[in-house]
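Observations on chain architecture
Here is how the chains run, residue by residue.
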Amino acid sequence: MENTWIRFLLPDDEYKRRNIMSYFAEAAILQLGVLVIMLILSRTGLISMDSELVLLLLLFGSAAYIGIRYILSGMEYTDIMTEKAFRKERKRIAVKSITFFLFFVGIYSLFYLFGAVSTSPVAILGVSILGAVILFITDYASLRRSYQKNKELID
Amino acid sequence: MKNNVKITRMEQKITQEQLARRVHVTRQTIGLIEKGVYNPTLQLCVAIAKAMGKTLDDLFWEVD
């Protein structure tokens, strides 16, 4: 195991661990590059950006970069090697997304009923559907990439 | 990196899954090593060699 303090974030499998570490490193370098560009732009007065917005962009930008790299790497579903296993996992992903939708709507509805939030039910439904769809798409993309990769490696 | 992991594994009638479990990696990692797509660390090479009762030379040394 690599001698790093981010060990707790890394999986046991060596291949996965090394790849994820390189995604973290790439994201950090990109973040540094974006910061330098933003600093130059801000110093030259070309753009003026809200500092909180910059921080949020950097935060979500690097998280999205690592997430997308991980999904496209096909490392998530390491044991999906057959069509049958693929279909079974796809079903599980669909159930997970629907469960997320129902849970989200349920919790939000409770808050709405008790007056803790004033968002309209239509907006709640919209956000829940969007969240469930994004969850399904990302999970499905990862599953598909993993299956394609694993198919070529089977005994 | 070319290697003899797959040939040796098949000779010993071990599945990728079984080998993966013995050396604490995923089946995908074993598949990638066998294909020569992923170069394992020395630590993993040793673990695989031990699990198969072979030496590093037997599994990972290329002879022309």
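All values derive from a computational prediction rather than experimental measurement.

Below, the discussion takes up the domain arrangement of chain A. All names here are of chain A. Taken domain by domain, chain A holds domain 1 (5–73) and domain 2 (83–151). For domain 1 versus domain 2, the separation of C-alpha centres amounts to 25 Å. Each partner contributes to the interface: domain 1 provides 4 residues, whereas domain 2 provides 5 residues. With both chains or domains summed, domain 1 and domain 2 bury close to 420 Å², and 52% of this area falls on carbon and sulfur atoms. When the area that domain 1 buries against domain 2 is broken down by residue, the three leading residues are Ile-71, Leu-72 and Ser-73, summing to 84%. Counting the contacts that link domain 1 with domain 2 gives 0 salt bridges.

Moving on to the UniProt feature "transmembrane region" (unreviewed entry) in chain A. All names here are of chain A. In the numbering used here, UniProt assigns the feature "transmembrane region" (unreviewed entry) to residues 20–41, 53–72, 93–114 and 120–141. Taken as a whole, residues 53–72 contains 100% helix and 0% strand, while its terminal C-alpha atoms sit 28 Å from one another. Annotated as 95% helix and 0% strand, the span residues 120–141 places its first and last C-alpha atoms 32 Å apart.

This brings us to helix 2 (residues 51–73) of chain A. Residues and elements named next belong to chain A. With 23 residues, helix 2 extends 33 Å between its outermost C-alpha atoms, agreeing within 8% with the 33 Å of an ideal straight helix rising 1.5 Å per residue. Within helix 2, burial applies to Val-54, Leu-58, Ser-62, Ile-66, Ile-71 and Ser-73. The elements touched by buried residues of helix 2 are helix 1 (14–43) and helix 4 (121–151).

A few words now on unusual backbone geometry. Residue and element names in this part refer to chain B. The phi dihedral of Lys-13 falls on the positive side, at around 55°, and the residue is not glycine. Examined against the element boundaries, Lys-13 turns out to sit in the loop between helix 1 (5–11) and helix 2 (16–23). Relative accessible area serves as the criterion here: at 74%, Lys-13 is assigned to the exposed category. The residue His-24 is not glycine, and still its phi comes out positive at about 60°. Position of His-24 relative to the elements: it lies in the loop between helix 2 and helix 3 (27–35).

Let us now look at the interface of chain B and chain A. How big an interface is tends to be stated in terms of accessible area lost as the parts join. If you look at the interface, chain B gives 19 residues, while chain A gives 16 residues. Carbon and sulfur atoms make up 49% of the area that chain B and chain A hide from each other, which totals about 1,500 Å². For chain B, the biggest contributors to the area lost against chain A are Arg-27, Gln-28 and Tyr-38 of chain B; these three give 40% of the whole. The tally of links between chain B and chain A comes to 0 salt bridges. For the pair chain B and chain A, the number of links is 10 residue pairs in polar contact (both at pLDDT 80 or more). For the side of chain B that touches chain A, the secondary-structure elements that each account for two or more residues are helix 1, helix 2, helix 3 and helix 4 (42–52) of chain B.

About the criteria used
Residues numbered from 1 in each chain as written. Chains lettered and ligands numbered in written order. Predicted model: local features only at pLDDT ≥ 70, side-chain atom pairs only at ≥ 80, totals over all residues. Heavy atoms only, no water. Domains from an automatic or database assignment. Contact = heavy atoms within 4.5 Å. Buried area = accessible area lost by both parts, 1.4 Å probe. Salt bridge = Lys/Arg side-chain N within 4 Å of Asp/Glu carboxyl O. UniProt positions renumbered as here; feature names shortened; annotations may be inferred. Helix = DSSP H or I, 4+ residues; strand = E, 2+ residues; numbered from the N terminus. Expected span 1.5 Å × (residues − 1). Buried < 20%, exposed > 50% of the residue type's maximum accessible area, 1.4 Å probe, protein only. Polar contact = N/O pair within 3.5 Å; in protein donor to acceptor, adjacent residues only side chain to side chain.

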